[in-house]
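Each chain is listed here by its residues.
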Amino acid sequence: MTDQAGEQPVRSERAGDVAVVYAGEYLNKLSGERVERECRRRLEEGCRALVLDFRQTGMVNSIGVSILLGVIDAAERAGASVVFSAVQHQAAQVFEMLGLTRHVRIAKNRTDALAQIANSAAVGVAPNKTK
Amino acid sequence: MSNEIPLQRSPHRRILGRVAPDLFLGRSDALAGIASLAPHASGPRGLLVLAAPAAGASELLRQAYDKFFQQHGAASPIYFQWSRNDRTVALAARRFLHTFLAQLVAHRRDDPSFVNAPPPLRDLIDLADPSDYEWIERVVEAFERARDRADERALVHLCLSAPQLAAARGARSLILFDDVHSVDKLKGEVNLGIEIAQVAVHAEVPFVLSGLRRGLLDTLNGGDSPTRFDSFTTINLETLADPDARTLVDRLAYARRVTLNEQTRDLIAQQFDGSPFYVSAFMQAAKRTGVELTSFLNCQKLYVDELMGGRANRRFNAILEEIAPVLTTRRALVRVLHDSAVNAGGKSPAEAWRRRLELEPEQLYPVMNALHTHELASFNATFMEISANPVWRDYLKASYRLQVAAEPRALVVAETLLETLKRAPQTMARHYRRASALGLRELLERFDAQRVPASLLHNDRFSRAYRGADTEEAGAGLDAETDLIRLPQVVHAASCESFHLAMRQVCDEERCAVAHGFDAMPYADANEIVWIAAEIEGKMEIGRALTEVWCDRLPQVANACGFRRVRLWLVSPEGFTAEAAELLNERDVFSSSRRQLELLTARLSPEGLIGEGASPEPPDEFEMVIPMGGDTELIAAHTVEQIARRLKFMPEAINQIKTALVEACINASEHSLSPDRKIYQRFRVESDRLVVTVSSRGVRIPTAAQQGQNSNGHDPVGESAGRRGWGLKLIRTLMDEVEFERVDDGTRLRMTKFLPR
């Protein structure tokens, strides 16, 4: 983990109409805002679902989490679903404590997340939990 | 350094105390000793306080007075400071009677205003409690008769017996006599010291008799049949121990709003040798002048100012004026003192003093005795030895140059400043070296004829048997050893320097000790032995060449001191090389490493037996300062992770601690207008917990009430105002105890995580 995680660009990719966005090693204000900007860009492109992948994220803080809530709100307004994948232990603890897990689905990894989204689309249900 | 010791609210009114109780440190045992005195109790009837100069004995008695004044229905505290300013025995006795009655009436009326401004004697009769009216009136009338008759002896007896008379009428008191040694200076036919001793021992009233340790007993024990203080206990009041002195500096800085840092704090504590008087005077001067004590230069500038014209200067001036009231004699005295101080060892023959001061023996003796009593010099019948106290030496040198050599003041100030500034790092280095010494003298004192495994005193054997073994394993091995050494019964231990001054040139006083004792019974010449133990500094094993130097040096010391049977013991932190060990064995010199010493110490300590699993205390506190911003909280998180792992916290708990610390750092950065943009962290390891303290200077973060807004159990998501206040909620959830401490400038958050049982 670098100490200047926020300076790294946010990596993302498209899998059909699903965008997979990879969070960096440390999710704080700066890196959270970059993730948020990337997510909004993907939603504007017309993506119908977002997978936020945390495989590299060893540490999140409360400001980063509050920004993720903004992402969830934006996705909801766009009618898109959000799935968190590969959430590491520290991040999972914080998401749980701050109630984030009530608003998104958690997948073991990226593949599992994409499968969850595909299944939800097949049965016509949005994968986001009800607020 | 932000001042980290918030003062507690004073538990009682200050009447005579000159400092708040929070600033009165390191004297709880002495206060308890005074508190143990109670009339009609089976415990001690009195207390002798033998005080070092400037150790704060007067303040001890004043604090005790204030404490006891609050206890209604208990004995009335009476504080009286004997003073040479009374000039005569009769006047001093009269002032005591007046003080006694005023303070007694004040306590019984619960009106402390009489203590500092006593009404006239006659008025006290009317102000007295009705139950006291009659006896006080009789005492006052008897006093007036004795005064009018000019019968000094009767007057002194009457005044000193007032507490006993009061007690007989049900008015109990506790008498706190301060500066008792100064009654020697009062003129009169009656020996007041003896009278005080008689009253204190025979009256059914508890007395505390306090004075300078080199003068008090001489004052009380005059005459043909010295008073026996069998029913008294004794307190030796020294200057403050180093931790108390440092705390005092911190607290005074906080109370006086003086900025200082840890380096200057330690320098102040060291430079004044823990004297509460000098430390208080210095911090008061810092407040008065507005000097920031953030550098050695600023500290030493202020120190020189104090030396030249502050309270330190006035104190020494007053003592010298008392000793030599005539200016020419005083100037000659300064010259002789200075010349003696620059002699090797600070010594000079008493006869030389007599000649140079041009005083007759009967005039010289009081001068030497007074210097001795005030511990400015030691008078040893044939020679005088000037005290090594650095403040006194600095004062003496500056006074000599100004008053005797008539050098320009600017030159003296400049050179004194240069000198003290050069000395400051040496003072601290000396302190650090002293603190790191292994404590050989204390260890020798605990030998007490015990038997210990021989390998603890043979470094080569120990290395062969226990290198790489953990403490438990080594302890078990030592328990199984059959080759034991019987340590001597040590009857006296002191630094080697005390016996042989030349040792000062080669090692610190703490690092070489001499112990006299017996290595077998009975107490006979044949069994008498002297152990000389020396600690050789070194980061690695000591080699043969250096070992040889010490193996030659210590027998020379023994020879010079006339020690007949000697056992030599060399100690080095990392032990000795194989070649050095050979030499040590050839010369029959014991040898140990720091680890052996720790194991030996544990064996000699009743509460620290190595076989029961005790081990040396691990380092227990870590400190870290990080700049705000740049994700530096991650560095803090990595650090605390390492510390928590050492404590064997579970991974989940480690994550919780890391998250809480990251949030605390963010809080510190976000919620303060920190002037230095720094976050101060302290990680304290205790047996069952990790305590993390995060502090920063600047504007405070929200109060506890405001913090509670996010901990009301509501779902935080969706509360628009709540999203950026989750940090504190997280911290409270993740840690077992969370506490905000108010500090003057900034915020301090203390978080505790307990180890699972």
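Everything discussed here concerns the structure shown above.
So, here's what we can say about the structure.

### Topic: the packing of helix α2 (residues 62–77) of chain A against helix α31 (residues 726–734) of chain B
When two helices pack together, their arrangement is given by the angle between the helix axes and the distance between those axes. Their axes nearest at 9 Å, the elements α2 of chain A and α31 of chain B cross at an angle of 120°. Our classification of the angle between α2 of chain A and α31 of chain B gives oblique. Both α2 of chain A and α31 of chain B take part in a crossing whose hand is right-handed. Residues S62, V65, S66 and L69 of chain A of α2 of chain A form the contact with α31 of chain B, whose participating residues are W726, G727 and L730 of chain B. Class assignment of the residues belonging to the contact of α2 of chain A with α31 of chain B gives a composition of four nonpolar, three polar and no charged.

### A word on the pattern of salt bridges
Residue and element names in this part refer to chain B. All chains considered together, the criterion is met by 55 salt bridges over all chains. Its salt-bridge partner being R356, residue D339 comes within 2.5 Å of it at the nearest N-O pair. Residue D339 is located in helix α16 (residues 327–342), and its partner R356 is located in helix α17 (residues 350–357); the two are separated by 17 residues in the primary sequence. Here E686 ties to R689 by a salt bridge, and the two come within 3.7 Å at their closest N and O atoms. For E686, a relative accessible area of 28% puts it in the partly exposed group. Look at the salt bridges and you will find they share partners, linking D620, E621, E623, R682, R684, E686, D688 and R689 into a network.

### Points about the nonpolar core
Formed by 147 residues in total, the largest nonpolar core has its most connected members in W82, F177, L209, W353 and L371 of chain B. Among the elements that line this core, the one with the most residues is helix α3 (residues 89–109) of chain B, at twelve residues. There are two domains that each give this core at least three residues, and those are domain 1 (36–237) and domain 2 (312–434) of chain B. Counting 60 residues, the second largest nonpolar core, distinct from the first, contains A75 of chain A together with M624, L647 and A664 of chain B.

Reading the values: the criteria
- Residues numbered from 1 in each chain as written.
- Chains lettered and ligands numbered in written order.
- Predicted model: local features only at pLDDT ≥ 70, side-chain atom pairs only at ≥ 80, totals over all residues.
- Heavy atoms only, no water.
- Axes fitted to C-alpha atoms, helices over the stretch in contact; angles between N-to-C directions.
- Helix = DSSP H or I, 4+ residues; strand = E, 2+ residues; numbered from the N terminus.
- Parallel < 35°, antiparallel > 145°, perpendicular 65-115°, else oblique.
- Left-handed = near helix turned anticlockwise from the far one by under 90°.
- Contact = heavy atoms within 4.5 Å.
- Nonpolar A, V, L, I, M, F, W, Y, C, P; charged D, E, K, R; others polar.
- Salt bridge = Lys/Arg side-chain N within 4 Å of Asp/Glu carboxyl O.
- Buried < 20%, exposed > 50% of the residue type's maximum accessible area, 1.4 Å probe, protein only.
- Core = buried A, V, L, I, M, F, W, Y, C linked by side-chain atoms within 4.5 Å.
- Domains from an automatic or database assignment.

Scope: geometric values only; no functional claims are made or implied.
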